Amino acid sequence: MFTGIVEELGSVVALVRPDGPTVADTAATPDTDAVAPDAVLTVAGPLATSDARPGDSIAVDGVCLTVTSVADGAFVAEVMPETLRRTSLGGLVPGARVNLERALPANGRLGGHVVQGHVDGVATLVRRTPGPRWDDLEFSASAALTRYVAEKGSVALSGVSLTVTWVSDDGFGVSLIPTTLAATTLGGLAPGDAVNVEVDVLAKYIERLMASGVAR
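Definitions and limits used
Residues numbered from 1 in each chain as written. Predicted model: local features only at pLDDT ≥ 70, side-chain atom pairs only at ≥ 80, totals over all residues. Heavy atoms only, no water. Patch = residues over 30% accessible without salt bridge, like charges linked within 9 Å, V, L, I, M, F, W, Y side chains within 5 Å. Areas by Shrake-Rupley, 256 points an atom, 1.4 Å probe, with all protein chains shown as cover. Salt bridge = Lys/Arg side-chain N within 4 Å of Asp/Glu carboxyl O. Helix = DSSP H or I, 4+ residues; strand = E, 2+ residues; numbered from the N terminus. Buried < 20%, exposed > 50% of the residue type's maximum accessible area, 1.4 Å probe, protein only.

Novice: Where do I start with a nonpolar patch on the surface in this structure?
Specialist: On the surface, a cluster of nonpolar side chains totalling about 250 Å² of accessible area is made up of Met 1, Leu 110 and Val 114. In this structure, Val 114 sits in the loop between β6 (97–102) and β7 (121–130).

Novice: Whenever I open this one, the pattern of salt bridges confuses me. Can you help?
Specialist: Close approach of charged atoms allows side chains of opposite charge to pair. One pass over the full model with this rule turns up 8 salt bridges. Put simply, Arg 102 and Glu 7 hold a salt bridge, and the shortest N to O gap is 3.0 Å. Separated by 95 residues along the polypeptide, Arg 102 in strand β6 and Glu 7 in the segment before β1 (8–16) bring together distant segments of the chain. Across the pair Arg 85 and Glu 82 runs a salt bridge, and its minimum N-O distance is 3.3 Å. With Arg 85 and Glu 82 both in helix α2 (residues 81–86), this residue pair falls 3 residues apart, about one helical turn. Residue classification places Arg 85 among the partly exposed residues on the basis of a relative accessible area of 25%. Overlapping salt bridges bring together Glu 7, Asp 51 and Arg 102 as one network.

All we've got here are geometric facts, nothing functional implied.
Written as structure tokens, this is what we have:
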């Protein structure tokens, strides 16, 4: 698992389909069915690859990917259709910056919250309001996502653990401190940009238990 504490800003080297065309040339909007069948992603990240081996997990913009090879400070991971359908990874282009986090070791600190790297969907930045030393961000999201979001609860946006400041049926807000603005891709978001959303896994399990009748 992960904690939502980004370790490094990596750089996309390539995102290609096995049959040739780049996913950026062929992929549709996230959350649609018309996406490329699969893709191979290469990301440069000196810290993330410093101890990485094939089979390890690295979160890329909040998406847990399995390392297939490592060379020259970059790692390669295969991205399956389900991942392309639910996340924003299909729109990555060479040179794009991505948030990277290695999997949490058993003796590590849980500095953020429990993050699986299993993205539930995407949200779109509607508005950002600069403060004296922070930015308030407002996102639009489907009710299928916001039903699991709670005010003052935790949410992972593109792999960054954040506290929710408010929530409605069709959106939610977060505030970013200077460190988050400088150390993650969230600092450069503009209205209209998409972020990967992973809601609190506890909310999903509670709903599942209630629906199955076990909790009764």
